[in-house]
Amino acid sequence: MSDTGTHTNRKQHEPRNNGAQQLASEATVYIQLEDVNDEIPLFTEREQETVLEGEPIGTKVTQVNAIDKDGTFPNNQVYYYIVDSPRNEGKDFFEINLQSGEIFTKVVFDREKQGAYALEVEARDGAPSARPNSNQQPNS
Ligand SMILES: [Ca+2]
Ligand SMILES: [Ca+2]
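All figures in this text were calculated on a predicted structure; none of them were measured in a lab.

Here's the deal with the overall build of the protein chain
- Scanning the protein chain from N- to C-terminus turns up 0 helices and 7 strands.
- N-terminal to C-terminal, the α/β element order of the protein chain is β-β-β-β-β-β-β.
- Every one of the 140 residues in the protein chain was classed for burial, and the buried ones make up 14%.
- Sequence separation of 24 or more characterises 61% of the internal contacts of the protein chain that already satisfy a separation of 6 or more.

Here it is in structure tokens:
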């Protein structure tokens, strides 16, 4: 379809019912990007803490914090765990609040028995991972 004249004749573009005609319409589609759980919660700092010997069970030692850069819940929800491994020296002596990351003592310490403990903690997010080879587990 082209205009034969030097200037456009608007009438040629008006709909007519006298033959085959292509119909068209336009619409704007708003696309919202959906967050995929591809970010791992990362601890903001590795810290060294001290606890006094002789303190009662349940004494707060510290609070760890991890940040997950995913955009939405639960992809960015962080849960804290004490790593359940025989190599985790401190696992029987401390407990952690799943949601707040606060760490508390589970025993009364005696500095003369053992002077320091290494405690491994883990941050996991709240949704199956979208990362490859994740087996649908949360990111950690
Ligand atoms: Ca995440
Ligand atoms: Ca994401």
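Continuing now.
Focus on the sheet that holds strand β2 (residues 60–63)
- Taken together, 3 strands build an open sheet; the order of strands is β2-β6-β5 and the sheet is antiparallel. The open sheet is flanked by β2 and β5 (94–96), the only strands paired with a single partner. Adjacent strand axes in the sheet meet at a mean angle of 25 degrees, parallel and antiparallel pairs treated alike.
- Bridge count for β5 against strand β6 (residues 102–105) is 3 bridges, and the pairing is antiparallel. Across the sheet, F94 pairs through a bridge with T105, a residue of β6.

Things to note about the nonpolar core
- One finds V64, A66, V78, Y80, I96, I103, V121 and A123 forming the largest nonpolar core, which totals 8 residues.
- Secondary-structure elements contributing two or more residues to this core are β4 (78–82) and β7 (121–125).
- What Y80 contacts, discounting residues up to four positions off in sequence, is V64, I96, N97, L98, G101, V121 and A123.

What to know about the pairing of β7
- A large share of β7 lies buried, amounting to 4 of its 5 residues.
- Here 5 bridges tie β4 to β7, and the two strands are oriented antiparallel to one another. Residue I82 lies in a different strand from β7, and its bridge partner there is V121.

What to know about unusual backbone geometry
- Backbone torsion omega between F73 and P74 reads 0 degrees, so that peptide bond is classified as cis.
- With respect to the secondary-structure elements, P74 resides in the loop between β3 (66–67) and β4.
- Residue Q136 is not a glycine yet carries a positive backbone phi of 65 degrees.
- For Q136, the location among the structural elements is in the segment after β7.

A few points about the environment of V121
- Topologically, V121 is positioned in strand β7.
- Those residues in contact with V121, other than ones at most four positions away along the chain, are V64, Y80, Y81, I82, V83 and I96.

Conventions used here
Residues numbered from 1 in each chain as written. Chains lettered and ligands numbered in written order. Predicted model: local features only at pLDDT ≥ 70, side-chain atom pairs only at ≥ 80, totals over all residues. Helix = DSSP H or I, 4+ residues; strand = E, 2+ residues; numbered from the N terminus. Buried ≥ 20, exposed ≤ 12 C-beta atoms within 10 Å, placed from the backbone. Contact = placed C-beta atoms within 7 Å. Pairing = 2+ DSSP bridges. Axes fitted to C-alpha atoms, helices over the stretch in contact; angles between N-to-C directions. Core = buried A, V, L, I, M, F, W, Y, C linked by C-beta atoms within 7 Å.

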